[in-house]
Amino acid sequence: MIANAGHLPGLSREALRWREVAHGAWGERVVLALPELDAAQAAALCERVRENARERLKQMPVTRIVDAVDAAVARLLDREHPLRRKAEHLLPIVTGYDRETVRLGLTGYLRTFRRPQLLRFLAEDFANPAMLDGFQPAAKGGLLRAQGPELLLHIWAGNVPALSLWSLICGLLVKAGSIGKLASAEPLTAGWFAGLLAEIDPEIGECLAVVWWKGGDAAAEAPFLQAADTVMAYGGNETLAALRAKLPVTTRFLPHGHRIGFGVVAREALDSRKAPALARLAAHDVARYEQQGCYSPQMLFVERGGRVAPAEFAGYLARELAALAHRHPRRALSPGEAAAVAGWRGAQELRGLEGAAELFGEPADPWSVVHVEAAEALSPTGLNRTLKLVAVDDLAAVPALVGPYRAFLQTAGVAAAPERLLRLAERLAAVGVSRIAPLGRMTAPEPGWHHDGRFSLLDLVTLTEIEPGAEAAAEGFAPYAD
Amino acid sequence: MTQAEIIEALLAFIARPDASEAEFEAMALKVFAYQFRNNAPYKRFCLQRGRTPLAVKRWCDIPAVPITAFKDLTLSCCPPEAASHVFMTSGTTQGVRGRSYHPTLAVWQRSMLDNFRARFMRGRARIRMGILFPDDGELPNSSLAHYLSLARRACGTPDSQGFIDAGGLDLDGLLAALARAEAGGEPYALLGASYSFVPVLDALAAQGRRFALPEGSLILDTGGFKGQSRELAPDAFYDALSAAFGVPRDSCINMYGMTELSSQFYDDGNAVCPSVKSGPHWVRSRVVDPLTGADLPDGEGGVLVHHDLAHFNCVSAILTEDAGEIVPGGFLLLGRVDGEASKGCSVAVAEFLAAARG
């Protein structure tokens, strides 16, 4: 079968070139057709989306957008809906994640965007979300109005299913005309979602487009990069630097680079009752999306002095990962990914020869755990269910071990008693950690999450203020003025 | 076997191109037993894999160490301080360079020369050479500097020259030598790191100059671009070499070698890329699944493992970070397999290290 990707209002399928890309996994194959726009088509699309956003989206109350997104998400949550069925069928083939991971992941993630959660997104960033609809009183006096960009360009990356919806929905909530560039590794969900929105509220459907070009193709991306007011981009630092260099200086650039997650387990969480359950949660965070997420843990710092020693906890983790491998088989790895796993494992094995590391699992197992007793700084593993457990005498040692990598920090999964959680969080915050989650929920940020410590909505808008003085001065010109 | 005995046996084996498969296997098992006994970290590695000289009966079951081990471990059968030469990798991981210890270069040199004569010299005793790399006096720890210096001493004419030293590239000297060679009618050989050719190509292009070196001239490049120059795709690179120097692509030979081995691999020119590479009779190459170490069927891409008997003092069997595929007549080298970015938004080792380097 061939599935067409994207959402391209105003462009007929026949008028476009389509690049066909085959994907295969779990014994099935699918061919995706990705749209390739020429410069004139791209420029016209940008203009059309901008124009429609100005004429329609900007004129709507934000609640209408919330309702439409809620309705679209409701359909994607309905396992009987044809699109949901299509998603459950195709996403495992395209991304390689197993069916259950995709199904559970989609449901968990989409729940983030129901009506109450969307209102929470708004409330999180705006003291009074009505300022997206009109001027509202400001605390300092006067009035404030928030405007999203007329044209917001999203450049998505990665194969985590539906990840694109986060920024797409945030853009819509601030009434931004939105064009999203699909990630080659998951080029489906954003287009489906846009299509659903167009079905539910055709006017909104005219204010967004979902496109594709080959990453780094200068000619293809230029019309979009030139037209956008704001660019939200995901990718490695090299990709982001190249993008930034191509943008006009007046364009607002919101980059989200690659990140590394880690876990911290306090001794009070390590008794014979709690530790196995905790290991299960941590293993879940490792296995979900094969550590491809920015929030996925690659290292676990485990405190000595609990009833369960770090070495023993490493054994629990190994067992849990082995069990998970049965329920959620690992994606088939590309040769490069397999080499990354083998390279990392090989290096750990060599350290093991010197007695410095203990390795769990066989080379051919779809997971690896290595346990080291000497404190060691944060570093990436081979990904795809490879985890390093580092024993520390005290949690207080952890901030110094992760601090040198501030630019890559984001999520820490912490299991500790309240007082220690707060004390540790204080120091983790100081070295650049922006999110502290419980183990088991590292890959599922809550609605309203401040992605990379930034505001999901507020970073997108520009405020216009009517100063109290202007308001007062206007009084002087009123027909009723004395 | 003592060190002297293993050296003698290897020199004899290298001298016998007609050695049978069984003889290779017997020699490989001897070398393995020698390394197992004398190289303590390798012994531990083998024990962990459950592969001892008693258990291993076939050369392909000899455990191959990941190439990073040369950074992490001291892999030497002689005490490291007894090594007359230590070759180090140019690439580092957080400041650590891979090392190969050589108590003598006798086997290394014999391996290099026999193979170089057979695969590069094309029947000549000597050829005038231009070397685009510093010599071994300047870079005593570089196996490539030793390789090229030995090539020049043993197979170059007395008027052969090096054109790169601490001061950089002597472009004028090179262009003068090329012009002389062009006028003189004697074949000329230009040898160096792949990246050393790029500034020369750029300079020639900028000057609008090209040479037509005499028939029989040769080019040898090795090692790729390693971020030392801009990257060229293989076809573009050999087209450019061929156009700039007038040497046909089938006389542009790529040598594939590494610090962690004592022998090299060659193709028979690069008329077609990727070219088929192969090693001498004292080397075997396999392509494996990096996770399991199991051999992959011919024609399937995996990671290259080399068994180089000449690398007797360290470890003869190494698991590289090079992607390859077994084909009739040898193997295809398909680039590096490490450093693949994550498919998602988690940071992977390569990017992390790049940032740590600053």
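Residues numbered from 1 in each chain as written. Chains lettered and ligands numbered in written order. Predicted model: local features only at pLDDT ≥ 70, side-chain atom pairs only at ≥ 80, totals over all residues.

**Quick look at the overall build of chain A**
1) Next: Within chain A, the secondary structure is distributed over 16 helices and 18 strands.
2) Next: Taken against the 2.2 N^0.38 rule, which gives 23 Å for 482 residues, the C-alpha radius of gyration of chain A at 24 Å falls within 12% of a compact globule.
3) Next: Counting across all 482 residues of chain A, residues that qualify as buried make up 49%.
4) Next: At a minimum sequence separation of 6, the contacts of chain A that also span at least 24 residues come to 74%. (Helix = DSSP H or I, 4+ residues; strand = E, 2+ residues; numbered from the N terminus. Rg over C-alpha atoms; globule rule 2.2 N^0.38 Å. Buried ≥ 20, exposed ≤ 12 C-beta atoms within 10 Å, placed from the backbone. Contact = placed C-beta atoms within 7 Å.)

**Quick word on the nonpolar core**
When a protein is soluble and globular, its nonpolar side chains tend to lie buried together.
All names here are of chain A.
1) Next: Of all hydrophobic cores here, the largest spans 249 residues; its most connected members are Val69, Leu173, Val265, Phe313 and Leu317.
2) Next: Looking at this core element by element, the count peaks at 9 residues for helix α13 (residues 335–353).
3) Next: Filtering out sequence-adjacent residues up to four positions away, Phe313 remains in contact with Val265, Leu270, Ala275, Ala279, Val302, Val308 and Leu389. (Core = buried A, V, L, I, M, F, W, Y, C linked by C-beta atoms within 7 Å.)

**Notes on the pairing of strand β10 (residues 252–256) of chain A**
Residues and elements named next belong to chain A.
1) Next: With 5 bridges connecting them, strand β9 (residues 230–234) and β10 associate as parallel partners. Pairing of Ala233 across the sheet is with Pro255, part of β10.
2) Next: You can see the chain leave β9, run along helix α10 (residues 237–246) and come back into β10, and the turn it takes is right-handed. (Pairing = 2+ DSSP bridges. Right-handed = clockwise from strand over helix to strand, strands pointing away.)

**Description of the environment of Leu225(A)**
Residue and element names in this part refer to chain A.
1) Next: Mapped onto the fold, Leu225 is located in helix α9 (residues 218–227).
2) Next: In this structure, the C-alpha to C-alpha distance between Leu225 and Ala407, residues 182 residues apart in sequence, is 25 Å.
3) Next: Not counting chain neighbours up to four residues away, the residues in contact with Leu225 comprise Val231, Lys246 and Leu247.

**Remarks on the interface of chain B and chain A**
1) Next: Facing 34 residues of chain B, the contacting portion of chain A comprises 38 residues.
2) Next: Of all the secondary-structure elements, those providing two or more residues to the side of chain B that touches chain A are α3 (40–48), α4 (69–72), β14 (302–308), β15 (317–327) and α10 (349–357) of chain B.

**A word on the sheet that holds strand β8 (residues 208–211) of chain A**
All names here are of chain A.
1) Next: Pairing within the open sheet is parallel, and its 5 strands lie in the order β8-β7-β6-β9-β10. With one partner strand each, in any of the chains shown, β8 and β10 form the two edges of the open sheet. The mean angle between the axes of side-by-side strands here comes to 15°, regardless of whether they run parallel or antiparallel.
2) Next: Both strand β6 (residues 151–155) and strand β7 (residues 177–181) contribute to a ladder of 5 bridges, which runs parallel. Considered in β7, the bridge of Leu152 is made with Ser178. (Axes fitted to C-alpha atoms, helices over the stretch in contact; angles between N-to-C directions.)

**Digging into the pairing of β14(B)**
All names here are of chain B.
1) Next: Most of β14 is tucked away, with 7 of its 7 residues classed as buried.
2) Next: Relative to β14, strand β13 (residues 283–288) runs antiparallel, the two being bridged by 6 bridges. Looking at the pairing, Val288 lines up with Val303 of β14.

**Focus on the domain arrangement of chain B**
Residues and elements named next belong to chain B.
1) Next: In terms of domain boundaries, chain B breaks down into domain 1 (8–104 + 282–317) and domain 2 (106–281).
2) Next: The interface is formed by 23 residues belonging to domain 1 together with 17 residues belonging to domain 2.
3) Next: Of all the secondary structure elements, the ones that give two or more residues to the side of domain 1 that touches domain 2 are α1 (3–14), β2 (85–93), β3 (96–102), β13 and β14.
4) Next: For the side of domain 1 that touches domain 2, the element with the highest residue contribution is β2, accounting for 4 residues. (Domains from an automatic or database assignment.)

**Describing helix α7 (residues 171–184) of chain B**
All names here are of chain B.
1) Next: Under the 1.5 Å per step criterion, the end-to-end length of α7 is 20 Å for 14 residues, consistent within 8% with the ideal 20 Å.
2) Next: Restricting attention to buried positions, one finds in α7 the residues Leu174, Ala177, Leu178 and Ala181. The buried residues of α7 occupy an angular sector of 100° when the element is viewed end-on, so they sit on one face. Summarising the geometry of α7, the exposed residues directed more than 90 degrees from the buried face are Asp172, Ala176, Ala179 and Ala183.
3) Next: Here the buried face of α7 lies against β4 (128–132), β5 (161–162), β8 (188–193) and α8 (194–207). (Expected span 1.5 Å × (residues − 1). Arc of directions from axis to C-beta.)

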